[in-house]
Structures are given as C-alpha cells and as structure tokens.
Amino acid sequence: MAMPSNEASPFESTQMLATFVASTPLLCDSWRLCNQANATPFRPFVAERVGAAVYVAFSGVQMAGASDSNWRDLVALRSIGGVPLFSARRSKEVEEPVMVHAGMLNLFLSLFNSFQNQMLEIVGKKDTKSVVITGHSIGGATASLCTLWLLSYLQSISSSVSILCITYGAPLLGNESFSKSIFRERWGGNFCHVVSKHDIMPRLLFAPITSLTTQLNSLLQFWHLSMTSPEFGKLENQISEKEKAKLFTAVMDYSEAASQEGETSVPILFHPFGNYFFVTEEGAVCVDSPSAIIKMMHLMLATSSPASSIEDHLKYGDYVNRLSSQTLNDGISMQRNIPDSSYEAGLELAIQSSGIANQESAITSAKECLKKTRRMGPSPTLNAATLAVSLSKVVPLRAQIEWYKSWCEEQDDQMGYYDSFKSRDSCSSKRDMKVNINRCKLARFWNDVLDMLERGELPHDFDKRAKWVNASHFYKLLVEPLDIAEYYGKGRHRTKGHYMQHGRERRYEIFDRWWKDKTVTTATEENKERSKFASLTQDSCFWARVEEARDWLNCVRSERDTNQLALLWDKIENFEKYAINLVENKEVSIDVLFKNSSYSIWVEDLRELKQLKVKVQRLPHQFTGFLDGEVVP
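Fair warning: this is a prediction, and the values are worked out from it, not measured in the lab.

How each quantity is defined
Residues numbered from 1 in each chain as written. Predicted model: local features only at pLDDT ≥ 70, side-chain atom pairs only at ≥ 80, totals over all residues. Heavy atoms only, no water. Helix = DSSP H or I, 4+ residues; strand = E, 2+ residues; numbered from the N terminus. Buried < 20%, exposed > 50% of the residue type's maximum accessible area, 1.4 Å probe, protein only. Contact = heavy atoms within 4.5 Å. Areas by Shrake-Rupley, 256 points an atom, 1.4 Å probe, with all protein chains shown as cover. Phe/Tyr/Trp six-rings, centres within 6.5 Å; stacked < 30°, edge-to-face > 60°. Lys NZ or Arg CZ within 6 Å of the ring centre and 35° of its normal. Core = buried A, V, L, I, M, F, W, Y, C linked by side-chain atoms within 4.5 Å.

What about the overall build of the protein chain?
- What the protein chain contains, in helices and strands, is 24 helices and 11 strands.
- Across the 633 residues in the protein chain, those meeting the buried criterion constitute 52%.
- For the protein chain, long-range pairs separated by at least 24 residues make up 77% of all intrachain contacts whose partners lie at least 6 apart in sequence.
- With an accessible surface of roughly 29,900 Å², the protein chain has 51% of that area assigned to carbon and sulfur atoms.

Quick word on the packing of aromatic side chains
- This structure, assessed with the given rule, holds 35 aromatic pairs.
- Relative to F58, the ring of F45 has its centre 5.8 Å away and its plane inclined at 50 degrees; by these criteria the two rings are tilted. With F45 in strand β1 (residues 45-50) and F58 in strand β2 (residues 53-58), this residue pair connects regions lying 13 residues apart in the sequence.
- Three or more aromatic residues joined by ring pairs form one cluster here, namely F445, W446, F462, W468, Y475, Y508, F511 and W514.
- Above the face of the W407 ring, R431 is positioned so that its terminal group lies 3.8 Å from the ring centre.

Re the environment of L204
- Turning to its location among the elements, L204 is positioned in the loop between β9 (191-196) and α6 (213-228).
- For L204, a relative accessible area of 4% translates into the label buried.
- Placed 47 residues apart in sequence, L204 and V251 show a C-alpha to C-alpha distance of 6.0 Å.

Topic: the nonpolar core
- Formed by 87 residues in total, the largest nonpolar core has its most connected members in F115, M119, F178 and F278.
- For M119, the contacting residues outside a window of four places in its chain are F45, V56, I133, C146, W149 and L150.
- Formed by 63 residues, the second largest nonpolar core is a distinct cluster that contains W446, Y487, W543 and F575.

Below you can see the structure in the form of structure tokens.
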C-alpha cells in the first residue's frame, strides 16, 4: 500500500543504523590502522589489504594551522590534484563559494605528492573493489580531503571502486557551501565521522578561538605525544585547569548558539557534512542532518567537563571495543517501559545510546532533534514510481518536438531542424511557438527531477536506472539543439560568450555523466556500424561547435597576428576532422547535410577560404606581406 504524502516513516533509524555499522568489522579494522598511522607519523599514511578492500589510514600526528595567525581561515576549494570538484552539479542559487580550513588544506596539499601515485595504484588494481580511507584527529580531515579527491577522480573515469571515509574525532572542515555541495553530489553516504560524547576536537571550530592559539598548540602537542607515546603524554600536558575551563566554556557557548534556531541562532563558519556516528559508553547513534548534528554535538558536550572533553579525544579505541562487545551481546536493553509505537521505542533506544538518558533537561531537546531527522512524506521508491507517471505525461511534448523535426526536414528551404528554429522571429507560426513552449516545459520537468535527486527524495541508484538514463539522453539529443538555436538566435553569445563555456545548462552536464557511466557499464554491447544516418545527431552540442567554428572563420579573415592565425587554423582543422568523422560514421541527423544548414554553409565557406589561402601562398613574398591580415590569412 502506498504511503500517503503526509505520512512519516514508522521507524527511528539513527540507532538501528549505528548498530548495523557497529556489527561490521569496519570500525575495528579502521581504528586499528589509525593506531598504526599515529605510531608512525613520519609516513603520510599506512595501507593494508583485507580481501578485496584496502584500508588507508592517515596519521593524526600532524600540525594544521599552527603557524597561521587565524585558526579559522577559510580558502576556496575548486580542485585537488588537477581534478575539478563538484563541477557537474553547480548550484542554481547564488551562494558563497566552496571553502575549507586553510591550514588543513595546506597540510593535505603538502602531503599530496607523496601519496598520489600510491593511491592511484591502489584503486587501479583489478582486485580492489573498495577503499576505506580513515584517520584520527587532524588525520581525519586529511582523510576527508583525500576521499573527495578520489571520489572526483573515480567519477571522472567512471570507476566502480567504492570509497568510504571513516574519521575519528576529526575537526570541522568546510563552510555551508562545502556541506551542500557534498550533499548535492550524493557523497554524504561516503563519509562516516565517529565522534565521542565529550571530545572537544570536533566542536572546536564552532568558537572564535584565535585568542587561544598558544593553548591550542599546546593541546595538539599533548594529544600528539599521547598518540605516539601514551606513557609520556600526561607528563606533557602544560595546559592549566583555568585554561582548560576557558576553552571548554568558549566552545560550549558557541556550540549552544549554533544549535539554536530562528532569531536566536548565530552564523557559523564551519558546517558538518556526511554522517555523524556519535559513540558513548551506552551505544551509538548515526545522524546525517547538519542541524541535528550540531544540536547533538552541543547536548552531548553539555554533559562533559573541561578535563574529560580533552581526554575523550584519546579514547576512541575504548569506544570501538565497547561497541563491538555490545553487538556480540545482542546490543543494549531498554531501561524504561517499552512504548507501543515502534518509532517511539526506537527513539527511546536512540536517547539511551546517546548517553544522555539520565540528563532529564537534555532528553526533550534530544528527542525533538532526532524527530527532525525523521523522513516525512513518500519514500524515495514511491517518489520514483510517481515520477515515472509524470514522465509518461510529458512524452506527448517530446513527440510534438519530434514531429516538428520531421516537418523541418521535409521543407523545400533545405535548412533543417536547428536552423529553422534558430531563424524564427516574433512573427513565427503557432507551430514554432508550441515547440518553444514544449521545450520550456521539458526543461522544468528535468530540472525538478534533478532537484528531487539532490534533496535525497529519490533512490540512491536513480541515476543508474536504465529507464531514466535512456530518457534523459534522448531528451538531451532532441532538445539541446533547440536550446543552442535559441541561444545563438537571440544573440546571447555576443554578450555572454559561446554556448559551450557560458550557456550550457547544468542538467545537460549531469546527463552527459549519466550516459557516460551507463556506456562503461554496458561495454559488452557491440558497436555496430550504422547503415543510415541517425535520427538525432549523437553529439547534442554539435551545433554549438559549428557556431564556434563559424566564428573562427570570421576571425581568420581579419586576424593579422601569424601566431593567432596558426592557432585558429588548428582549431578549424580539428573541428573539420571531428565533423567529417561524425558524418562518415552516420552519427549525425540527415538535416546536418542539407544545402542551407549552418554546417553546410560553413563547409562551403571553409572550402573557399582554403582556395584563397592557396592562391595567396603562390603570390610573390612581397605581395603576401601586403595582403596578409587584410583580405586573406
């Protein structure tokens, strides 16, 4: 039976998900390797293969930001190792750029060259099915940045290797745009941040702690020595009880302010991303909502003390071992009366696992916080089914555009689909107007689909399902030529620049990737030669390339600089070869070759220009100098 649109999920999943993760060897294996990495800080990371999985752990004994005057400096993050991040899912809204902690990014980049090739070798091996990247403390921040780089790289080559990042007590890393971009990429599930009940490190960057830089550096040195030499760590704790209390109070106050909603909330520089796995002596809960994460971080820290908030950063091994023992002993038992509702029962278990069941003042706030993470409305599967019905309703719009294309190909003007739509004017026929309306309606439909996908309202594998990959690809091949015709027909290229760089909609970039991934996964399909021209040109941006090539020809006619001329001719010849290859393989629609199409006119212009170029080259040298750049190239 379908779930009504206003019905909530019947289960509380935060504690169940945490129990599931704890039942796997992921936490034990990753923490064991973190310990090894912390014991060998002179190595950027340590790696270990466990069957088809490879564990990679970064050392937490590193200094990030110690030399910076501001512990909270943010810098823009656009790419790592030459691999662009978040490129295919740029936000439609105007928002601040993606930014991360300057010190942690600098630390990561200082290590990058030393491990880049090793990481690529690991994921390149045929027997590597998955990679778990982990790190404790600042090593967790390094692990997160490495994971982002690796996810972007593997996505660019359409690799099937799965990546999971598990951090322990890692500090916050980036701003709200950073968090949103990871969510839009659907990479949130690739990050599991293990945070203990009292650990101050993951909460430090809520507060403006620049006035405490000296104490923070001393605190890091204490933690680092404790990681490498536990027996000597306590001897090096040079932070007084007064300084501990000052630091703890600052973080408490600002985390409380950050957790408030409405007018009482304060803006924060650093935002959580991915899944947070909160561990306590009583169990664990897993939360993925940024606002709920911030609230739970505050509520748990409120049960701590200055001393325990520092000591807890070194106790993740104890928590992991305790969780494993609880799982083996069939978990925890309900301390209160079991509620009738399965959801309320799950909520009671989550509160108990969070370690604040004995804090009456915090229970109500914690319950309200966890209730906000409850999925409301239809499930992703039901949304996908409803969306399939919506797709069937827009099929007639697509069919009308197909009919318009066929009509254009039958006309005596020999212009074809693209040029007919491009040349329409304010007095265009009802047919042209109807096609333009359908074009806009289809754009809205597909934008809505992507919005739902980015909000997590559709199944995780939605962009891998053949129905939607094929439908989006056909839409792109059919309609993008009309978008290009609209762009150049309205002269937008004169003010904005060419379509490929400045006018292409993000949905087409995303559909390109869907199709590319689909093509790789179906590599067994035979590439049969075409016996006739394609019904739709297989490069949806072909006409945009033609328009750029026309512009190059115009530039050649007026360019005086010989170096620029050589570059222009290289571009022209490369496009000519590309277009000829498409035509010979019959990967273009027949209207591309119509006598009055933009492509055919370009071919004729190029032929005439080449003939003129040959004639000029035969002239005596003294005449070519006079003519060069004025009449011919």
